[in-house]
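Listed below, chain by chain, are the residues.
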Amino acid sequence: MPGSTPNRDFYDAIIVGGGFFGCSLALSLVKRQPRILILEREASLLTRASMANQARVHNGYHYPRSLITALRSAYNYPRFLADFEDCVERSFTQVYAIARSDSRVNAYQYRKFCELTGIPLHPVPRHVQDLFNPALIEEAFVVEECAFNALRLRDKLRHAVEESGIEVAYDTEAHRVFQGPTGTLRVELKDGGELGADHVWNCTYSQVNELLSRSSLPRLPLKHEIAEVALVRVPPQLEHIGITVMDGPFFSTMPFPALGLHSLTHVTYTPHESWTDSSQHRPPPRAPQLPSRSAFMLRDAQRYVPILQQATHAGSLFQTKTVLLRNEVDDGRPILCRRNYGLPNFSVILGAKIDNVYDVLKAIDGDVRYSKSADDRTYSARAVGAQ
Amino acid sequence: MTVPTQPEPSGRNNSLLVSVAVVLPRQAAQIEERIEGIVTVLAKNYEFYELLLVDNGSPFVMQARVQELQRRMPNLRLLRLSRAYSREVAIAAALDHCIGDYVVTMDLTVDPPDLIPILVTKAAAGFDAVVAECQDREKGLLERTISIPVYRMTSRVLGFPLHPDESYFRVFSRRLVNSIVRIRSRNRYLSCLNGIVGFQQCSVVYHKDYNPLTDSARVVKQLLAVTDILVSNSAAPLRLASILGVTACAANVAYLGYIFAVSLIRRHLAEGWLTTSLTQTTMFLMVFLILSILSEYVARLLDETKEQPLYFVEFETSSAVVANENTRLNIA
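Quantities reported herein were computed from a predicted structural model and do not represent experimental measurements. (Residues numbered from 1 in each chain as written. Chains lettered and ligands numbered in written order. Predicted model: local features only at pLDDT ≥ 70, side-chain atom pairs only at ≥ 80, totals over all residues.)

## Structural notes on the overall build of chain A
Logical step 1: Within chain A, the regular secondary structure consists of 9 helices and 20 strands.
Logical step 2: Scored against the burial criterion, the 387 residues of chain A give a buried share of 49%. (Helix = DSSP H or I, 4+ residues; strand = E, 2+ residues; numbered from the N terminus. Buried ≥ 20, exposed ≤ 12 C-beta atoms within 10 Å, placed from the backbone.)

Right under this line is the structure:
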C-alpha cells in the first residue's frame, strides 16, 4: 500500500496529479524509470475531473466538426475496451439523434461523417424511435459507444499502480517546480518539503496554469469552466438507453454506472461560469457549490424526449473543466503535451478524454499496460477486428 | 461515491420553470431598465426562470447592450434572427426556443412585469392560455358601437373568442406551446393560435390610466386587425363572395326569363334590345357562375394549404383496470 509521505528525496520521475492521465503516464514510464512518485493532493486517486464527468467512452460520434478527434477516438476505442473491459458498461443502447433545427449538421451530413470516420450507425428500433418528438428530431441512430464506471476505473488504476511499485503521496500538493543548483529538477511541496527528480510531469488538469505560475513559467492559453453534470433517475423505458442530441445547444443523458443513475449534461446549462487564464487570473474554486441548473436541462430535454418528464434530479457533480482556447469553435479535444516546458525535463500534459490517453503515450514514446495479465495478442486481434 | 444533493431554497416557487419571451424593440431607450425590471420580478418569484430576448433585426448597438447585460445578469438568452421578420414570426421563433413549463410573451416597452406572477398563477390553476386584456377604465362610444359588435361577429365566424383589448401579454402552458409550434402558417396571429388549438383559456383584465390613442384611432386599428385576422384564418369572406355570385346567377336567370317573356308578350321591342340583353345577361351569368365555382375552390385551397395539423390532442387517459376475461376459455 503506498504511503502518504514520500519514501525518498530523489526520483526518476515525479508526476504531479493522480488523475487518469497521471496514473497512466506513471504506468507507462515505470518500465524505464522504476522510481516514480505521484503527488496527489486529494486522499485518493482519480477523484476530481476523472470522477466528475459524463463517463462516456468516446468512439468518435461526438465530434462531427473535428475529424482528427473523431478519428483518434475511433482508433483508440477498441484498445480502451480491451484494457478496461471490466470497467465499462456496455449493456445499454446508445442513441445519437440529430435535431431538426439549430443543429450544425443534418442527418445526411452526420451519416457521411460517420462513413468517413469508419464508425457504424445502426437504425433505431421502433420503441426507441417513439421516445423522440418527431417535430424536433430529424433522425436518430444507434451507435457503438459505452460508459465507464469511474469507481471501478479508480480501483483498477490504484491496483495497477500498487502492483507496479509506483509510489503515491496522498494529500500532498506540489507548490512549485524549479531547477536546482546541480541542474536537476526540484519540486517544492506546499507543506514545505522538497523533492528532486530527473523528470517532472504536470498532470494537474485545471490546476496546470496554477503550478506553472507558481514556478514562474508562462501560462498556457486555457479556458476553464465550472461544469455541472446532473444526475437523474430516469423512467424504466430509459434505463438502458443513452441519448445524445447533436450538434449544437442540446443535451445528452446516459447511464452513469458508478451511481446507477443517468448523467444529464447540456451544452447551454452545464457550463456555469467560464474564464480564461490569459485575461484575468482567477483560481478555480476547489469545491464549487453553485445552484443546480438541472431544472433547465430537464425542461429543454423534455421537449426532445417527452418521457423525460418522469425523470427526477438526484444530485449534481460539479467540476472545473479545462479546454484549449483554440478548440472553442470546432469542439475538438486534442491532448495538450508540452515537453521541456520552460525547464529541461519538465513537461505538461493536459488531457480531456480518457480514451485518448494512448495518443499522448505514443507521443512520448511510451506504452501502458494496466494489468499484468493483459494479453497483447488478444488486444491486437480485437483492435484490428473492430477497425 | 454518494450523490451530492443541494438544499432546496425556500420562499420562491421552485417547481416551475417560467420563460419570458420578448421581441427587442428597434429603439433602445431604457431597455436595460425594462429588462432588469422583468428579471427582478422573475427572480423574486421563481427559482427557475429565463428571459429570452429575440433580436428581430434590431440595430447592432442593441445586441451589444444585451450582451453587456448578460455579463452581469443570469438566465438571459439572446436569440438573434438573421433579418427583420414580422413580429408574429419573431414570436414564433421565441416559442420554438423557450424551454419553460409556462411561456410568457410580452411587449418589453409597455407591459407591466408585475403582472407576470398573477398570469402564471392563473395558468398553473388549470388554464393553458391566460391573456392579459388591457382596458381603459371607460370605453369610448365608437368602440362600444363598432369594435365590440364586429369582434363578436368575427368570433362567431372563426369559432373562437376574440377581444378587442387582447395584447401580446399572455401565458402559454408547455402543452399549448408544443401544439402551437406545430402551426407553421406564415400569416399568424398570436391572439388566434390558442383559438386554433382550442385549449382552456381565460383572461385577466388590467387597467391603464393613460392611453395615447384616441377612441377613433383605436377603433380603426382594431378594425384593421380584425379584418386581417378574419381573412387569414377563415374562408368565410370567400364563401360570402361565392354566395353573392350564386345569387347574381339566379338574378340573371330570372332576368333571362323576363327577356323571353317580354319578347313573347310585346309586339314592338326597341331594335337591338333583345340581342343586347340576352348577350349581356348570358355573359354575366357565366361570369358569376365561374367566379362562384372559383371561390369555392380557392376557399378549399386556403384550408388545405394552411400548415396546420389535422387535430390537436389535449390529453389521453386509460382505464385503471384490465379486462377480466378469466372466466372464458380459449376453446373453439
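## Let's talk about the overall build of chain B
Logical step 1: When its secondary structure is counted, chain B shows 10 helices and 7 strands.
Logical step 2: In terms of C-alpha radius of gyration, chain B reaches 29 Å, well past the compact-globule figure of 20 Å for 332 residues.
Logical step 3: Along the first, second and third principal axes, the C-alpha atoms of chain B reach 110 × 80 × 40 Å.
Logical step 4: Buried residues in chain B amount to 27% of all 332 residues.
Logical step 5: Pairs at least 24 residues apart make up 81% of the contacts formed inside chain B by residues separated by at least 6 positions. (Rg over C-alpha atoms; globule rule 2.2 N^0.38 Å. Contact = placed C-beta atoms within 7 Å.)

## Observations regarding unusual backbone geometry
Residue and element names in this part refer to chain A.
Logical step 1: In this structure, aspartate 247 follows methionine 246 across a cis peptide bond, with omega equal to -15°.
Logical step 2: With respect to the element layout, aspartate 247 can be found in the loop between strand S14 (241–246) and strand S15 (251–256).
Logical step 3: One non-glycine residue with positive phi stands out, namely alanine 55, at about 65°.
Logical step 4: Position of alanine 55 among the secondary structure elements: in the loop between strand S2 (36–39) and strand S3 (56–57).
Logical step 5: Judged by the 23 C-beta atoms lying within 10 Å of it, alanine 55 is buried.

## Structural notes on the environment of B:Ile35
Residue and element names in this part refer to chain B.
Logical step 1: Looking at the element boundaries, isoleucine 35 is found in helix H1 (residues 31–45).
Logical step 2: The exposure class assigned to isoleucine 35 is buried, which follows from the 22 C-beta atoms found within 10 Å.
Logical step 3: Expressed as a C-alpha distance, the spacing of isoleucine 35 and valine 66, which sit 31 residues apart in the sequence, is 9.1 Å.
Logical step 4: In contact with isoleucine 35, not counting residues within four places along its chain, are Leu51 and Leu69.

## Considerations on the nonpolar core
Logical step 1: By size, the foremost hydrophobic cluster in this structure holds 169 residues, and its most contacted members are A:Ile14, A:Ala26 and B:Val104.
Logical step 2: If we ignore the near neighbours within four places in the chain, the residues touching B:Val104 are B:Val18, B:Ser19, B:Val20, B:Ala21, B:Ile116, B:Leu119, B:Val120 and B:Val171. (Core = buried A, V, L, I, M, F, W, Y, C linked by C-beta atoms within 7 Å.)

## Topic: the interface of chain A and chain B
Logical step 1: Each partner contributes residues to the interface: chain A has 17 residues there, and chain B has 12 residues.
Logical step 2: When residues in the side of chain A that touches chain B are grouped by element, the largest group, 5 residues, is from helix H7 (residues 294–304) of chain A.

## Here's the deal with the sheet that holds strand S6 (residues 166–173) of chain B
The pairing of strands in a sheet happens through backbone hydrogen bonds and is either parallel or antiparallel.
All names here are of chain B.
Logical step 1: Taken in spatial order, the 7 strands of this open sheet run S3-S2-S1-S4-S6-S5-S7, and their pairing is mixed. With partners counted over all chains shown, the strands left at the sheet margins are strand S3 (76–80) and strand S7 (201–207), one partner each. Averaged over all pairs of adjacent strands, the angle between their axes in this sheet comes to 20°, without regard to strand direction.
Logical step 2: Pairing geometry for strand S2 (residues 46–55) and S3, over 5 bridges, is parallel. In the sheet register, leucine 53 faces S3, and the bridge partner there is leucine 78. (Pairing = 2+ DSSP bridges. Axes fitted to C-alpha atoms, helices over the stretch in contact; angles between N-to-C directions.)

## Remarks on helix H3 (residues 87–97) of chain B
Structural remark: α-helix, 3.6 residues per turn; residues separated by three or four positions point the same way.
Logical step 1: Among the residues of H3(B), B:Ala90, B:Ile91, B:Ala92, B:Ala94, B:Leu95 and B:His97 are the ones counted as buried.
Logical step 2: Considering only its buried residues, H3(B) is in contact with strand S1 (13–23), S2, S3, strand S4 (102–106), helix H6 (174–180) and helix H7 (190–197) of chain B.

## What about helix H9 (residues 236–265) of chain B?
Residue and element names in this part refer to chain B.
Logical step 1: Between its first and last C-alpha, H9 extends 43 Å over 30 residues, near the 44 Å set by a 1.5 Å rise per residue.
Logical step 2: Every buried residue of H9 is listed here: Ser242, Gly245 and Asn252.
Logical step 3: Contact partners of the buried residues in H9: helix H10 (273–305). (Expected span 1.5 Å × (residues − 1).)

## A word on the packing of H9(B) against H10(B)
Residues and elements named next belong to chain B.
Logical step 1: Between H9 and H10, the least distance of the axes is 8 Å, while the angle of their chain directions is 160°. Judged by the angle between their axes, H9 and H10 are roughly antiparallel. H9 and H10 meet at a crossing whose hand is left-handed.
Logical step 2: Taken together, the residues of the contact of H9 with H10 sort by class into 18 nonpolar, 8 polar and 2 charged. (Parallel < 35°, antiparallel > 145°, perpendicular 65-115°, else oblique. Left-handed = near helix turned anticlockwise from the far one by under 90°. Nonpolar A, V, L, I, M, F, W, Y, C, P; charged D, E, K, R; others polar.)

## Concerning the domain arrangement of chain B
Logical step 1: Taken domain by domain, chain B consists of domain 1 (13–234) and domain 2 (237–305).
Logical step 2: Taking only C-alpha atoms into account, the centre of domain 1 of chain B sits 48 Å from that of domain 2 of chain B. (Domains from an automatic or database assignment.)

## A word on the environment of A:Arg233
Residue and element names in this part refer to chain A.
Logical step 1: With respect to the element layout, arginine 233 can be found in strand S13 (residues 222–233).
Logical step 2: The class of arginine 233 is partly exposed, set by 15 C-beta atoms lying within 10 Å.
Logical step 3: Along the chain, arginine 233 and aspartate 198 lie 35 residues apart, while their C-alpha atoms are 49 Å from each other.
Logical step 4: Those residues in contact with arginine 233 that lie beyond four places of it in its chain are Leu261, Ala311, Thr312 and Ala314.

## Focus: the confidence of the model for chain A
Logical step 1: Mean pLDDT over chain A works out to 86, with 88% of the residues at or above the 70 mark.
Logical step 2: Overall, residues 373–387 of chain A carries pLDDT values under 50, and its contacts beyond four positions in sequence, including any with other chains, amount to 12 contacts. (pLDDT = per-residue confidence, 0-100.)

## Re the pairing of strand S20 (residues 346–350) of chain A
Residues and elements named next belong to chain A.
Logical step 1: Burial runs high along S20: 4 of the 5 residues are buried.
Logical step 2: Relative to S20, strand S12 (residues 194–202) is paired through 3 bridges, and the arrangement is parallel. Bridge pairing in S20 places tryptophan 201 opposite serine 347.

## Looking at the environment of B:Ala261
All names here are of chain B.
Logical step 1: Turning to its location among the elements, alanine 261 is positioned in helix H9.
Logical step 2: Residue alanine 261 is classed as exposed on the basis of its 10 C-beta neighbours within 10 Å.
Logical step 3: Taking the C-alpha atoms as reference points, alanine 261 and alanine 332, separated by 71 residues in sequence, lie 78 Å from one another.

## Structural notes on the sheet that holds strand S4 (residues 88–89) of chain A
Logical step 1: The 3 strands lie next to each other as S3-S8-S4 (chain A), forming an open sheet whose pairing is antiparallel. Looking along the sheet, the strands with just one partner apiece sit at the ends: S3 and S4 of chain A.

## Focus: the pairing of strand S7 (residues 137–143) of chain A
Residues and elements named next belong to chain A.
Logical step 1: Across the 7 residues that make up S7, a large majority, 5, are buried.
Logical step 2: Both strand S5 (residues 93–99) and S7 contribute to a ladder of 6 bridges, which runs antiparallel. Its bridge partner being in S7, alanine 97 is matched across the sheet by alanine 140.
Logical step 3: Alignment of strand S6 (residues 121–123) against S7, held across 3 bridges, turns out to be antiparallel. Each residue of the ladder has a partner; that of proline 123, found in S7, is phenylalanine 141.

## Thoughts on the packing of helix H5 (residues 141–158) of chain B against helix H8 (residues 215–233) of chain B
All names here are of chain B.
Logical step 1: The interhelical angle for the contact between H5 and H8, taken along N-to-C directions, is 10°, at an axis separation of 9 Å. Of the possible angle classes, the one that applies to H5 and H8 is roughly parallel. Here Leu141, Leu142, Glu143, Ile146, Ser147, Val150, Tyr151, Thr154, Val157 and Leu158 of H5 come into contact with H8, specifically with Asp215, Ser216, Arg218, Val219, Gln222, Leu223, Val226, Ile229, Leu230 and Asn233.
Logical step 2: Per-class residue counts for the contact of H5 with H8 are 12 nonpolar, 5 polar and 3 charged.

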